[in-house]
Amino acid sequence: MSYATLFVISAPSGTGKSTLIKSVLATLSGRLDVPHFSVSHTTRAPRTGEVDGREYHFVSRESFIDMRAREGFLEWAEVHGNLYGTAAQEVEPRLQAGRDVLLDIDTQGAAQVTARRPDAVTIFIYPPSREILERRLRERGTESEETVQRRLANARRELHDSRNYQYAIINDDLERATDELRSIFLSWGVLRRRRLPKVEGIIASFSIAPSVPGGH
Ligand code: ADP
Ligand code: 5GP
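Worth saying up front: this structure is predicted, and the values here are computed from it rather than measured. (Residues numbered from 1 in each chain as written. Chains lettered and ligands numbered in written order. Predicted model: local features only at pLDDT ≥ 70, side-chain atom pairs only at ≥ 80, totals over all residues. Heavy atoms only, no water.)

### Topic: the site of ligand 1
Phase 1: The environment of ligand 1 is formed by 13 residues, the closest being Gly14, Lys17, Ser18, Thr19 and Arg140.
Phase 2: Within the side chain of Ser18, an N or O atom sits 2.5 Å from an oxygen atom of ligand 1.
Phase 3: Residue Arg140 places a side-chain N or O atom 2.8 Å away from an oxygen atom belonging to ligand 1.
Phase 4: Here ligand 1 has 570 Å² of accessible area as a free molecule, and 73% of this is covered by the chains.
Phase 5: Elements with a minimum of two residues in the shell around ligand 1: α1 (17-28) and α5 (130-140).
Phase 6: In terms of residues, the shell around ligand 1 owes the most to one element, α1, which gives 3 residues.
Phase 7: Split by residue class, the shell around ligand 1 holds 2 nonpolar, 7 polar and 4 charged. (Near = heavy atom within 4 Å. Polar contact = N/O pair within 3.5 Å; in protein donor to acceptor, adjacent residues only side chain to side chain. Areas by Shrake-Rupley, 256 points an atom, 1.4 Å probe, with all protein chains shown as cover. Helix = DSSP H or I, 4+ residues; strand = E, 2+ residues; numbered from the N terminus. Nonpolar A, V, L, I, M, F, W, Y, C, P; charged D, E, K, R; others polar.)

Structure (structure tokens):
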């Protein structure tokens, strides 16, 4: 049986979620328990600097719909007018092999994932305020005025849905928010059941037999 964890992270667009995830994964790099970042499929056009297969698998609407018809997605949703989905192949084989997986998806997708896997760990990243979110979206410089407005309008629904998440991180100070996210990943990694059989090996080295329920 695998004890790998599925982490689901959501935030209104422009909050700083991608920045935060990149920063945490960089600090965990090299560790055995660094979660695998699941690369989603999307019909949105790549932004400057985005690489196919790294940030997303950029696909046409036709091929997305074809893959959806073949039940290729663990979850999918229409977000800000584009289709986004997590390929089942990106997640299931890794969890089965014992690797943690991290999904950066919207709240509609998160609801589908938790319905299928109630043991998923859900984390919501909050912007400090509406004004700051708007400023970050504009300063990122990747959106037209129309898509900035659309992303701000969607933020309301996402914040409403955020009440269903287990963890709440406020991205005011990037360093502190990075520490908080990192601490969630690390605390899951040190659960006793995740440290088997190493821990049993240490105990056995003291020649103590495995415990029997009820015995002592
Ligand atoms: P998201 O992935 O949530 O849409 P990004 O990671 O692209 O957001 O961040 C949006 C913008 O906000 C980027 O220009 C990023 O550099 C900036 N940003 C992220 N976190 C912070 C922070 N804590 N303080 C100030 N600016 C931030
Ligand atoms: P962006 O276009 O800014 O990269 O992402 C827009 C939104 O789509 C973000 O909230 C992001 O988390 C979400 N998203 C990215 N990939 C997926 C996915 O595979 N499924 C779902 N449901 N949402 C996704």
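### A look at helix α3 (residues 88-96)
Phase 1: Residues of α3 that are buried include every one of Glu90, Val91 and Leu95, and no others. Buried residues in α3, looked at end-on, bunch into an arc of 90 degrees, giving them a common side. Facing away from the buried surface of α3 by more than 90 degrees, the exposed residues are Gln89 and Gln96.
Phase 2: Gly98 sits one or two positions beyond α3 and adopts a positive phi of about 95 degrees. (Buried < 20%, exposed > 50% of the residue type's maximum accessible area, 1.4 Å probe, protein only. Arc of directions from axis to C-beta.)

### Points about the packing of α1 against helix α7 (residues 174-189)
Phase 1: At a minimum axis separation of 9 Å, α1 and α7 run at an interaxial angle of 60 degrees. Classified by the angle their axes make, α1 and α7 are oblique. Crossing angle aside, the handedness with which α1 passes α7 is right-handed. Here Thr19, Leu20, Ser23, Val24, Thr27 and Leu28 of α1 lie close against α7, whose contacting residues are Leu174, Ala177, Thr178, Leu181, Arg182, Phe185 and Leu186.
Phase 2: Its residues placed into classes, the contact of α1 with α7 shows 8 nonpolar, 4 polar and 1 charged. (Axes fitted to C-alpha atoms, helices over the stretch in contact; angles between N-to-C directions. Parallel < 35°, antiparallel > 145°, perpendicular 65-115°, else oblique. Left-handed = near helix turned anticlockwise from the far one by under 90°. Contact = heavy atoms within 4.5 Å.)

### Considerations on unusual backbone geometry
Peptide bonds are, in most cases, trans, and in most cases residues other than glycine have a negative phi.
Phase 1: Cis rather than trans, the peptide bond between Leu196 and Pro197 has omega equal to 0 degrees.
Phase 2: Backbone geometry at Glu71 places phi at a positive 60 degrees, although glycine is not the residue there.
Phase 3: Note that Glu71 resides in the loop between α2 (61-69) and β5 (73-79).
Phase 4: Residues other than glycine seldom take positive phi values, yet His80 does so here, at roughly 50 degrees.

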